[in-house]
Amino acid sequence: MKTVKKFSKAFPACAVLSSVLILFGIAGFFIRGINFGIDFVPGLLEEVRIGPAAIEISYNGSANISVGTSSTALELVITGTSAENETKIFSYAQNPSIKDIAASLSEVDGLSVSVKGAENVSSYGIYLDSSSTSRLSADAPVLLYVSDASTNVSIDDVRSALASESVEVKELGDDSNRSFQIRAAISKNDISSDSLQAEIIGSLKEKFGESNVAIIKTDFVGSGFSSSNAIKSVILAVVTLLAIWIYCAVRFHWDFAVGAIIGLVHDCLIMFSFISWTQVEFSATSFAAVLTIFGYSINATIVILDRVRENISLIQTKKFNDILNASISETLSRSIITTVTTMFASVALLIFTSGSIKDFAIVLTVGLVSGCYSSMLIVPGFVSLMRRNWEPGEFAKHVRPHNNKNVLSFNSTQNV
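Below, the structure is looked at part by part. (Residues numbered from 1 in each chain as written. Predicted model: local features only at pLDDT ≥ 70, side-chain atom pairs only at ≥ 80, totals over all residues. Heavy atoms only, no water.)

What follows deals with the layout of surface pockets. Approximately 560 Å³ is the volume found for the largest pocket. Around the largest pocket, the lining is made up of 25 residues, and of these V234, C268, F272, F282 and F287 lie nearest the centre. If you list the elements that add at least two residues to the lining of the largest pocket, you get α1 (11–31), α5 (223–251), α6 (254–278) and α7 (284–314). With seven residues, α6 is the single largest residue contributor to the lining of the largest pocket. (1 Å grid on protein atoms, 1.4 Å probe; cavity = no way out; pocket = protein on both sides within 12 Å on 5 of 7 lines; lining within 4 Å. Points joined across faces, edges and corners; volume = space filled by probe spheres on them. Helix = DSSP H or I, 4+ residues; strand = E, 2+ residues; numbered from the N terminus.)

Spelled out as structure tokens, the structure:
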């Protein structure tokens, strides 16, 4: 039989600890605020890379040729000729350097190709400026860029270039694949995405050179859309909590249901305390992590409460804390093992990913720890408070006792 741990002795201390952490988070909200992502704050989110162009391509012919890139190859899509449309693929494996891929491109009729940088740089990771056209012509050459670890532009350099703009800059990737995420909130309702983007890119090009700045990705969210996202997120969270409360009230008893909701609100506040002080970006992906923890935490809580419901009819005792201690002890290994195994996935995402997925993993990991803690100590602590005057047989009709002849006797000095 399992040794019963006296978890009830830790209930008051855990309540104080959680209260302190939540108050600390509330202070963080007023002091540092929440680092809302572009999903919740109107503005521009842009990813740029800074470095010299590797190849310049122009085309003088009757066909229409567009250039595209992927993680494994560069592609030319040829249309508008008498023959069938054609796609030419130049894999990086067969053209491992800039010199090689430039030579292969030169074999296409009408293409004029010139190498702008070092010829021996690896061709893997070639990228285009998404703000410029990908269609080749003689009048507007297309520039191809390639990741180069020798490019020594730092995040401080980018921030210095954008000092006059109200923006936030985040560095993505490593030395060989570095890009910068620039986020600018809208300060005026009548500003357009084009003018905001032009101001930012103009400042970067003035600092680093006209042909040395490439836009990788651009997202723009208007004020109406961001406000709608925020309102829908709050409604979704409230409806989720309400649905969980109804389920727990029907399955258990009102105090069990309220305790489960308190546990979920506790986990949510702990995660937001972490987010406010660490300034992890709170985006739609981070909000998905919060909802994921709602599901994980309520599942862990229900396992314990279900065991409490069973033990009410199995354990003969005059103290409800004895039932809580036995129930938590019996589910302790399950709670810890489930949390640890789930954290394998979240920690792997935390280590091996970047950007919004990494933010998701950070929030998820904190929520997993908080969910396990609240399920074992915060929710039972509230139930213990509500049933401090409990007497054997009370609430029996609400907890649906199981028919079991193996009723156990329990006292304060006996282990189950």
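This part takes up the pairing of strand β10 (residues 179–185). The element β10 is largely enclosed, with a buried count of six among its seven residues. Examined bridge by bridge, strand β9 (residues 167–172) and β10 share six bridges and lie antiparallel to one another. Each bridged residue has a counterpart across the sheet, and for L172 the counterpart in β10 is S179. (Buried < 20%, exposed > 50% of the residue type's maximum accessible area, 1.4 Å probe, protein only. Pairing = 2+ DSSP bridges.)

A few words now on the side chain of R183. When you line up the elements, R183 lands in strand β10. Engagement of the side chain of R183 in a polar contact is seen with the side chain of N35, the distance being 2.5 Å. There is a polar contact of 2.9 Å between the side chain of R183 and the side chain of E281. (Polar contact = N/O pair within 3.5 Å; in protein donor to acceptor, adjacent residues only side chain to side chain.)

In this section: the side chain of N95. As for its position among the elements, N95 is in the loop between β5 (86–91) and α2 (98–106). N95 gets classed as buried once you look at its relative accessible area, which sits at 6%. In terms of polar contacts, N95 uses its side chain to reach the side chain of S104, at 2.5 Å. Excluding its chain neighbours within four sequence positions, the residues that come into contact with N95 are F90, D100, I101, S104 and S123. (Contact = heavy atoms within 4.5 Å.)

The next thing to look at is the packing of α6 against α7. The interhelical angle for the contact between α6 and α7, taken along N-to-C directions, is 145 degrees, at an axis separation of 10 Å. As for the relative orientation of α6 and α7, their crossing is right-handed in sense. Facing F256, A260, L264, D267, C268 and M271 of α6, the residues of α7 in contact are V290, I293, F294, S297, I298, T301, L305 and V308. Considered class by class, the residues forming the contact of α6 with α7 number 11 nonpolar, two polar and one charged. (Axes fitted to C-alpha atoms, helices over the stretch in contact; angles between N-to-C directions. Left-handed = near helix turned anticlockwise from the far one by under 90°. Nonpolar A, V, L, I, M, F, W, Y, C, P; charged D, E, K, R; others polar.)

Before going further, it helps to examine helix α9 (residues 355–386). At 3.6 residues per turn, the α-helix brings residues three or four places apart onto the same side. Taking 1.5 Å of rise per residue, 32 residues should cover 46 Å, and α9 covers 44 Å from first to last C-alpha, within 8% of that figure. Of all 32 residues in α9, 25 are buried, a share of seventy percent or more. (Expected span 1.5 Å × (residues − 1).)

Before going further, it helps to spend a moment on the sheet that holds strand β3 (residues 64–69). As a general point, the strands of a sheet are linked pairwise by backbone hydrogen bonds and lie either parallel or antiparallel. If you trace the three strands from one edge of the open sheet to the other, you get β3-β4-β5, paired in antiparallel fashion. Looking at the sheet topology across the chains shown, the edges are occupied by β3 and β5. This sheet shows a mean twist of 20 degrees between the axes of neighbouring strands, independent of strand direction. Looking at chain direction, β3 and strand β4 (residues 73–79) are connected through six bridges and run antiparallel. Residue pairing in the sheet places N64 in a bridge with T79 of β4.

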